[in-house]
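Notes for the structure review
One letter stands for each residue in the lines below.
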Amino acid sequence: MTRKQALTFRLSGVAFAATFVFCGVSALYAQTPVTPSTPATTPAPAATPAQDAKPAADAKKDEESDPFAPQPAPVLPPGMTGSTMDDPRVGLKPGLYDAGEAAMGMKRVAFLKKPAAFQLGSDNADDPSVQKTLGQLGVGDVAKMPKARQLVIAQLAFANSDFAFEGTHLFQGNFYGVNFYDISNPAKVSLITSLVCPGGQGDVSVYGKLLFMSVEMPNGRLDCGTQGFPPLPPPEPGHEKERRLPVASPDRFRGVRIFDISDIKNPKQVAAVQTCRGSHTHTLVVDPNDKDNVYIYVSGTSFVRQKEELAGCSGADPDKDPDTSLFRIDVIKVPVAAPQDAKIVSSPRVFIDARTGALNGLNNGGSHDKGAEKPKDTNQCHDITVYSAIGLAAGACSGNGLLLDIRDPIHPKRVDAVNDTNYSYWHSASFSNDGTKVVFTDEWGGGLGARCRATDPNKWGADAIFNLNDNKLSLASYYKMPAAQTDTENCVAHNGSLVPVPGRDIEVQSWYQGGVSVMDFTDAAHPFEIAYFDRGPIDPKKVILGGEWSAYWYNGYIYGSEIARGLDVFKLVPSKFLTQNEIDAANQARVNELNVQNQQPIVWASQAAVSKAYLDQLQRSQALAPERIAALRKAVEKMKKTNLSAKDSAKLQTLAASVETDAAAAKDPADAKRLHALAKVLEHPAA
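Residues numbered from 1 in each chain as written. Predicted model: local features only at pLDDT ≥ 70, side-chain atom pairs only at ≥ 80, totals over all residues. Heavy atoms only, no water.

1. Quick notes on the sheet that holds strand β16 (residues 383-387)
Read across the sheet, four strands follow the order β16-β17-β18-β19 without closing on themselves; strand pairing throughout is antiparallel. One side of each edge strand has no neighbouring strand; the edge strands of this open sheet are β16 and β19 (413-418). The average angle at which neighbouring strand axes cross in this sheet is 20°, direction not considered. Sheet analysis places strand β17 (residues 392-397) next to strand β18 (residues 400-405), joined by six bridges and oriented antiparallel. Bridge pairing links alanine 394 to leucine 403 in β18. (Pairing = 2+ DSSP bridges. Helix = DSSP H or I, 4+ residues; strand = E, 2+ residues; numbered from the N terminus. Axes fitted to C-alpha atoms, helices over the stretch in contact; angles between N-to-C directions.)

2. Digging into the side chain of threonine 275
Relative to the assigned elements, threonine 275 resides in the loop between β11 (268-274) and β12 (281-285). Accessibility expressed as a relative area gives 1% for threonine 275, which makes it buried. Setting aside its immediate chain neighbours within four residues, threonine 275 contacts Arg254, Gly255, Val298, Arg305, Leu310, Asp330 and Ile344. (Buried < 20%, exposed > 50% of the residue type's maximum accessible area, 1.4 Å probe, protein only. Contact = heavy atoms within 4.5 Å.)

3. Focus on the packing of helix α6 (residues 608-620) against helix α9 (residues 669-683)
Running from N to C, α6 and α9 cross one another at 150°; their axes reach a closest spacing of 10 Å. Taken together, the axis directions place α6 and α9 in an arrangement best described as roughly antiparallel. Both α6 and α9 take part in a crossing whose hand is left-handed. In this structure, α6 contributes Ser611, Tyr614, Leu615, Gln617 and Leu618 to the contact, and α9 contributes Asp671, Arg674, Leu675, Ala677, Leu678 and Val681. (Parallel < 35°, antiparallel > 145°, perpendicular 65-115°, else oblique. Left-handed = near helix turned anticlockwise from the far one by under 90°.)

4. Quick word on the packing of helix α7 (residues 626-638) against helix α8 (residues 646-665)
Relative to each other, α7 and α8 sit at 145°, their axes nearing to 11 Å. In this structure, α7 crosses over α8, and the sense of that crossing is left-handed. Contacts between α7 and α8 pair Arg628, Leu632, Ala635 and Lys638 from the former with Asp648, Lys651, Leu652, Leu655, Ser658, Val659 and Asp662 from the latter.

5. Concerning the environment of alanine 394
Relative to the elements of secondary structure, alanine 394 occurs in strand β17. Ignoring sequence-local partners within four residues, the contact set of alanine 394 consists of Asp383, Ile384, Thr385, Leu402, Ala429, Phe431, Val438 and Phe440.

6. Brief notes about the confidence of the model for the chain
In this model, the chain carries a mean pLDDT of 88, and residues with pLDDT of at least 70 account for 89%. Low confidence marks residues 1-64, where pLDDT is under 50. Its contacts with residues over four positions away, or in another chain, come to 168 contacts. (pLDDT = per-residue confidence, 0-100.)

7. Things to note about the sheet that holds strand β23 (residues 472-479)
Ordered by their spatial adjacency, four strands build an open sheet running β20-β21-β22-β23, and the pairing between neighbours is antiparallel. Strand pairing shows two members of the sheet lacking a second neighbour, β20 (426-431) and β23, which therefore form its edges. Here the strands of the sheet are splayed against their neighbours by 25° on average, with no regard to which way each runs. Summarising the sheet, β20 and strand β21 (residues 437-442) pair through five bridges and their orientation is antiparallel. Across the sheet, alanine 429 pairs through a bridge with phenylalanine 440, a residue of β21.

8. Concerning the environment of tyrosine 97
Along the chain, the position of tyrosine 97 falls in the loop between α2 (56-65) and β2 (101-104). Separated by 441 residues in sequence, tyrosine 97 and isoleucine 538 place their C-alpha atoms 8.3 Å apart.

9. What to know about the state of the cysteines
In protein structure, a disulfide is the covalent linkage between the sulfur atoms of two cysteines. If you walk through the whole model with that rule in mind, you get four disulfides. Put simply, cysteine 381 and cysteine 397 are joined by a disulfide, and their sulfur atoms are 2.0 Å apart. One quick way to see it: the torsion about the S-S bond of cysteine 381 and cysteine 397 is about 75°, and its sign makes the bridge right-handed. Of this pair, cysteine 381 sits in the loop between β15 (343-346) and β16 while cysteine 397 sits in strand β17; the two residues are 16 residues apart in sequence, bridging distant segments of the chain. Across this residue pair, the class does not change: cysteine 381 and cysteine 397 are buried. Described in terms of the sequence order of its bonded cysteines, the disulfide pattern of the chain is 1-2, 3-4, 5-6, 7-8. (Disulfide = S-S within 2.5 Å.)

10. Some details on the pattern of salt bridges
Scanning the model with the defined rule gives 27 salt bridges in all. A salt bridge links lysine 93 to aspartate 98; the shortest N-O distance between them is 3.3 Å. A relative accessible area of 44% means that lysine 93 is categorised as partly exposed. Put simply, glutamate 582 and arginine 620 hold a salt bridge, and the shortest N to O gap is 2.7 Å. With glutamate 582 in helix α5 (residues 580-587) and arginine 620 in helix α6, the pair connects residues that are 38 residues apart, well separated along the chain. A relative accessible area of 36% means that arginine 620 is categorised as partly exposed. Each of the salt bridges in this network shares a partner with another, and the network as a whole consists of Glu101, Arg108, Arg535, Glu562, Arg565 and Asp568. (Salt bridge = Lys/Arg side-chain N within 4 Å of Asp/Glu carboxyl O.)

Quick look at the structure:
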């Protein structure tokens, strides 16, 4: 690829934002047809928060004409509970930009609309811009599609997706390309440039001067062109319902793009690594023992392209073709000094049955969705989070949660796998900082539907928190945002990251139109919400898909990638669940680069703010007597001195020893860890 083949535009204005709809790419171009799933329960005639449920026949008719019309709410299965209606988030005013808002423990400090080039510009399916976009996507016989579905698909081409961070720059992926932002002042975020390069899903990672971008949809072109490809011709009579692949083209690109961002205002494409299923997501892997290369784990969830378009590709079942492109991930090796030489170096069979050698060795065990009660083979990963510091990765792989040994990053090996009949689609994962827990998310319904209603079980479309011990995963509990959402709000567990509060395991997480929820999972068996931000539905009468795709902590702020509107910036504020000292300590954990799926250890300096955070936690849990807490607080204040006297240093050493004694006697393991950490800070205070 030449440098001229990357298209960049500097944009300063914003335009009218059309009513926005998001649809998972797998639902449009899947290996097998995918539709929003519904619970295996009988629809209830009761009213939902947004509108009365319609009779089943009318609902089916609505779904045929508008696939995103509100559907009847399910009946809670016996023994299940749903989200609460007794919450400030219930009943918020609807709207795209003027919706009602509710927050606790956090506040929004900035918002920036999507640039003009990243908006469809119309909410009318008959508009020429909509029809042009549909034609470029090559989605088949558009004329026979319901107008609502046409609009859904066209607006999909402009959906905001995931984030990456480096220094004072934020990179926001989009199905149409990537937007580069200046976040040197998070309260005044500004657009630097927009890289227009369609192809979805647009997930991004950054390493030094290299930017990586996932491309999965069949409108992606090698040259980043916006013209797409000719639409599919009408099917032959009698073959209307058969799945058809796009016409093979040497100009099509599906895989991982690599850009040189040395000049942040003028990114240049330097490589484009083709893969058989494209790249729905990817994971940057840094090998501590290899400074010359980085690796990319590619997760493809869509159809396998024809061998006529990319040699070696096969969508056959493994019993028919042992070289099938299913049942694997791809590993790309990227020489940092010569990224143009990036190439696939392995395609690990992470689903294999080690005893029999069968490639399809894992299945979901059957799930709760109607028609999905029988086990189904797992042939893909949606997302993989690596934690190189402990040599492990957590794979959220459709029907299973995987634990991988990545000490040899080119040849990851599965060491454990779990499934859960409460889970529909294993989507993403996060490790606790100490590597003793893994939070998996379930994207029940693929992000397409309302899955946080009062009648949706709180074990479905939720987080599953697993303890991790000796490379084995064991389920501890579930967590779901507690406030009921309406039947016109797409809501389900989605992307999040750790909040670096020392002494606690905290994750901030997006829930699409459920907003942002901050969860404490220090006690894996009893997670609870400590902060949230939510808005009313985009539309009160129909499901207009939007909301927060990702919510990530980066250097003191939480950034939200809002699918329909743009970019949100939040800050945590003190509440009964979180003190200012804890927030101050979290703000001291700084990094220069953040790719959330490449998890890095959080390290805190031995400073007074960190000690104060531990003391607040010990006071909250009543692990120490009030007078003991007061004495320690007094001692910690002396740590602020630039030059401690010999007497003060000796006193801190004595206190450190006594705190270690307290730790040995602590009844709660979490308090014991806090006391040990506090003792280390007192023993070795930072200057």
